[in-house]
Amino acid sequence: MNAPARRRTIGLWRSWALVAGMMIGSGILTLPSLLAAYGSNSFIGWAITGLGALCLALTYAHLAARKAGLGGPYYYVQQAFGARWAGCVAWGYWFSLVAAVAALTLSFAGYSATYLPWVSSSTINSTLFGISVVVIFMLINLRGVRDASAVQVVATVFKILPLLVIGIMGIVFGHIDDIPAINPNEGSPLKMVTAMCLLIMWAFIGVESATLPSEDTIAPEKTIPRASILGTLTATSVYVIATWGLMSVMPLDALRQSSSPFADAAQVLLGPGGEAIVTMGALFAIGGTLNVCLMMSGTIMLAAARDGMFPSILQRQDTQGTPINALLLSAALSIVLLFFNTHASLLKGFEVLLILSTFAVLMVYLATGLASLTLLWRERHAQGGVSWWHVSTAVLATGFSILAIMGAWVLYH
């Protein structure tokens, strides 16, 4: 089924906000504490993961410049391997987004409790508050991609500013002491690196975001590649500056024990008011990522429904091109998952869902890397040549995806 004709509204900066806004979420707010256990070895993890994420961005940029298609990874896998494997990607990616919405909603509720104490007074209250958050962002997305992407630009700017303020102030007024290199589990260096890559990769998930709403993107073959690379470089720069400043202010032992490292650093640098700045930044960070996850969940369902991978009823779009039924179904399932938070045994099940969600995203990245290599191989025979630059980045992206999947096995086996 062809897409309804309508005005494209996503330009470079809105597309950039989808990528950077998806990446910079709740992960960076707690990641420094998790990585403190590795000491200076964590910089190795940042270097390898940053390079891997950039290779993924370059791979998506090449695929989009070749030919942009609705659904991003789903579309590229379909071109390379056919409907069956594309269907697996669509279902896995959609599930990962729905689970992420539920998890982000609980995180949003946790940070909101600073100003709304009743939210944390019981699991029922936090769940009901979470449902209201999902409904609000669902309504934003139902207004159309234009409004949702505009909200995303604002959220991205306001989530970046507090991280940069703390990072720059920490670099200027603090200092980094000698940090020991630590291998916490005393395993092989490969196991240590793979475990770190998985942890850090949580902060880079979203590199593919600009590729999904191609039908709403202005000049997608040009805009998507630029936004993918610019968004990844933006997130990487923010992470490095923020983490460097954080480690300049907080001793390694204190950082390891902190449950809210940026809030603690803000109190040191800005006094009691610093925590409020970090809390507001955290709400924008989580809300922005939640907004993108909902938008992408509807987009991937729409793309797959057109090809018969999802029920045909999910193809319905309004005059703005909004996949109404797909968004409603995604939001409804996220709300169902929120009820896993009301019981301890259910919460354990929710943790399992998140692990599976992480695996699903990594498998999507692996499939995309393999799809890029396959399409390049076909072009080699059709055109009599191939860009070794594109081949190199696709190989590195594929290898990094495998490394991250190995990390999931190391952490959760």
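Residues numbered from 1 in each chain as written. Predicted model: local features only at pLDDT ≥ 70, side-chain atom pairs only at ≥ 80, totals over all residues. Heavy atoms only, no water.

Q: Would you mind showing me how to read the overall build of the protein chain here?
A: Along its length, the protein chain carries 15 helices and zero strands. The principal-axis extent of the C-alpha atoms belonging to the protein chain is close to 55 × 50 × 40 Å. The 413 residues of the protein chain split such that 55% are buried. In the protein chain, of all internal contacts separated by at least 6 residues, the share reaching a separation of at least 24 is 81%. If you sum the accessible surface of the protein chain, you get close to 16900 Å²; carbon and sulfur atoms cover 68% of it. Side-chain charges of the protein chain comprise 19 positive and 15 negative groups, with the mean position of each set lying 14 Å from the other. (Helix = DSSP H or I, 4+ residues; strand = E, 2+ residues; numbered from the N terminus. Buried < 20%, exposed > 50% of the residue type's maximum accessible area, 1.4 Å probe, protein only. Contact = heavy atoms within 4.5 Å. Areas by Shrake-Rupley, 256 points an atom, 1.4 Å probe, with all protein chains shown as cover. Lys, Arg positive; Asp, Glu negative; His and termini not counted. Charge placed at Lys NZ, Arg CZ, Asp CG, Glu CD.)

Q: Would you explain the environment of phenylalanine 310 in this entry?
A: Position of phenylalanine 310 among the secondary structure elements: in the loop between helix 12 (273-306) and helix 13 (324-338). Between the alpha carbons of phenylalanine 310 and methionine 295 there is a distance of 17 Å; along the sequence they are 15 residues apart. The contacts of phenylalanine 310, once residues within four sequence positions are left out, are Ala90, Trp91, Trp94, Met301, Ala304 and Ala305.

Q: Is there a simple way to think about the pattern of salt bridges in this case?
A: If charged atoms from side chains of opposite charge come close, those side chains can pair. Counted according to the given criterion, the structure contains three salt bridges. Note that glutamate 379 is salt-bridged to arginine 66, the shortest N-O span being 2.4 Å. Here glutamate 379, found in helix 14 (residues 344-383), pairs with arginine 66, found in helix 3 (residues 41-66); they are 313 residues apart in sequence, far enough to count as distant. Of the residues examined, glutamate 379 reaches a relative accessible area of 16% and is grouped as buried. Residue class for arginine 66 comes out partly exposed when judged on its relative accessible area of 33%. Arginine 306 is the salt-bridge partner of glutamate 215, the closest N and O atoms lying 2.5 Å from each other. Of the two residues, glutamate 215 is situated in the loop between helix 8 (189-201) and helix 9 (220-249) and arginine 306 in helix 12; the sequence distance between them amounts to 91 residues. The exposure class assigned to glutamate 215 is buried, which follows from its relative accessible area of 18%. (Salt bridge = Lys/Arg side-chain N within 4 Å of Asp/Glu carboxyl O.)

Q: Would you mind going over the packing of helix 5 (residues 83-112) against helix 6 (residues 123-142) with me for this structure?
A: The relative placement of two packed helices comes down to the angle between their axes together with the axis-to-axis distance. Interhelical geometry of helix 5 versus helix 6 gives an angle of 115 degrees and a closest axis separation of 9 Å. Here helix 5 and helix 6 pass one another in a crossing that is right-handed. Side by side, helix 5 and helix 6 meet where Val101, Thr105, Phe108, Ala109 and Ser112 of the first sit next to Ser126, Phe129, Gly130, Val133 and Val134 of the second. (Axes fitted to C-alpha atoms, helices over the stretch in contact; angles between N-to-C directions. Left-handed = near helix turned anticlockwise from the far one by under 90°.)

Q: I'm lost on the packing of aromatic side chains in this one. Help?
A: Any aromatic ring pair is given by two values, namely how distant the centres are and how the planes are angled relative to each other. This structure, assessed with the given rule, holds twelve aromatic pairs. Seen from their ring centres, tryptophan 13 and tryptophan 16 are 5.5 Å apart, and the 80 degrees between their planes marks the pair as edge-to-face. Linking tryptophan 13 with tryptophan 16, this pair stays in helix 1 (residues 12-23), spanning three residues, or about one helical turn. On the basis of relative accessible area, tryptophan 16 is assigned to the buried category, the value being 10%. Ring geometry for phenylalanine 158 and phenylalanine 284: centres 5.2 Å apart, planes at 25 degrees, overall stacked. Of this pair, phenylalanine 158 sits in helix 7 (residues 145-173) while phenylalanine 284 sits in helix 12; the two residues are 126 residues apart in sequence, bridging distant segments of the chain. In textbook terms, an aromatic cluster arises when at least three aromatic residues are bridged by ring pairs, as seen for Trp46, Phe204 and Tyr239. (Phe/Tyr/Trp six-rings, centres within 6.5 Å; stacked < 30°, edge-to-face > 60°.)

Q: Looking at this structure, how should I read unusual backbone geometry?
A: Most peptide bonds take the trans form, and the phi angle of most residues other than glycine is negative. Despite not being glycine, alanine 219 has its phi angle at roughly 45 degrees, a positive value. With respect to the helices, strands and loops of the structure, alanine 219 is situated in the loop between helix 8 and helix 9. Classification of alanine 219 by relative accessible area gives partly exposed; the value is 40%.

Q: Is there a simple way to explain a nonpolar patch on the surface in this structure?
A: Taken together, Tyr115, Leu116, Trp118 and Met280 make up a surface patch of nonpolar side chains, about 390 Å² in accessible area. Examined against the element boundaries, tryptophan 118 turns out to sit in the loop between helix 5 and helix 6. (Patch = residues over 30% accessible without salt bridge, like charges linked within 9 Å, V, L, I, M, F, W, Y side chains within 5 Å.)

Q: Would you take a moment to explain the side chain of glutamine 315 for this structure?
A: Note on placement: glutamine 315 falls in the loop between helix 12 and helix 13. Looking at glutamine 315, its side chain comes within polar contact range of the main-chain oxygen of alanine 305, at 3.3 Å. (Polar contact = N/O pair within 3.5 Å; in protein donor to acceptor, adjacent residues only side chain to side chain.)

Q: Just checking my understanding: could you explain the packing of helix 3 against helix 8 for this structure?
A: Interhelical geometry of helix 3 versus helix 8 gives an angle of 60 degrees and a closest axis separation of 9 Å. Relative to helix 8, the element helix 3 is oriented oblique. Between helix 3 and helix 8 lies a crossing of right-handed hand. Here helix 3 contributes Asn41, Ser42, Gly45, Trp46, Ile48, Thr49 and Leu56 to the contact with helix 8, which in turn contributes Met192, Val193, Met196, Cys197, Ile200 and Met201. A breakdown of the residues in the contact of helix 3 with helix 8 according to their chemical character gives nine nonpolar, four polar and no charged. (Parallel < 35°, antiparallel > 145°, perpendicular 65-115°, else oblique. Nonpolar A, V, L, I, M, F, W, Y, C, P; charged D, E, K, R; others polar.)

Q: Explain the nonpolar core to me, please; I cannot follow it from the model alone.
A: Nonpolar side chains in soluble globular proteins generally cluster together in the buried interior. Ranked by internal contacts, the top residues of the largest apolar core, which has 126 residues, are Tyr239, Phe262, Ile300, Phe310 and Tyr365. The greatest single-element share of this core, amounting to 16 residues, is contributed by helix 12. Discounting residues that sit within four places of it in the chain, phenylalanine 262 has contacts with Ile28, Leu29, Pro32, Leu163, Ile166, Ala242, Leu246 and Val278. (Core = buried A, V, L, I, M, F, W, Y, C linked by side-chain atoms within 4.5 Å.)

Q: Whenever I open this one, the environment of leucine 294 confuses me. Can you help?
A: Its place among the elements puts leucine 294 in helix 12. Each C-alpha atom of the pair leucine 294 and glycine 87 lies 19 Å from the other, and the pair is 207 residues apart in sequence. Among residues more than four places away in sequence, those in contact with leucine 294 are Val101, Val134, Phe137, Met138, Asn141, Leu327 and Ala331.

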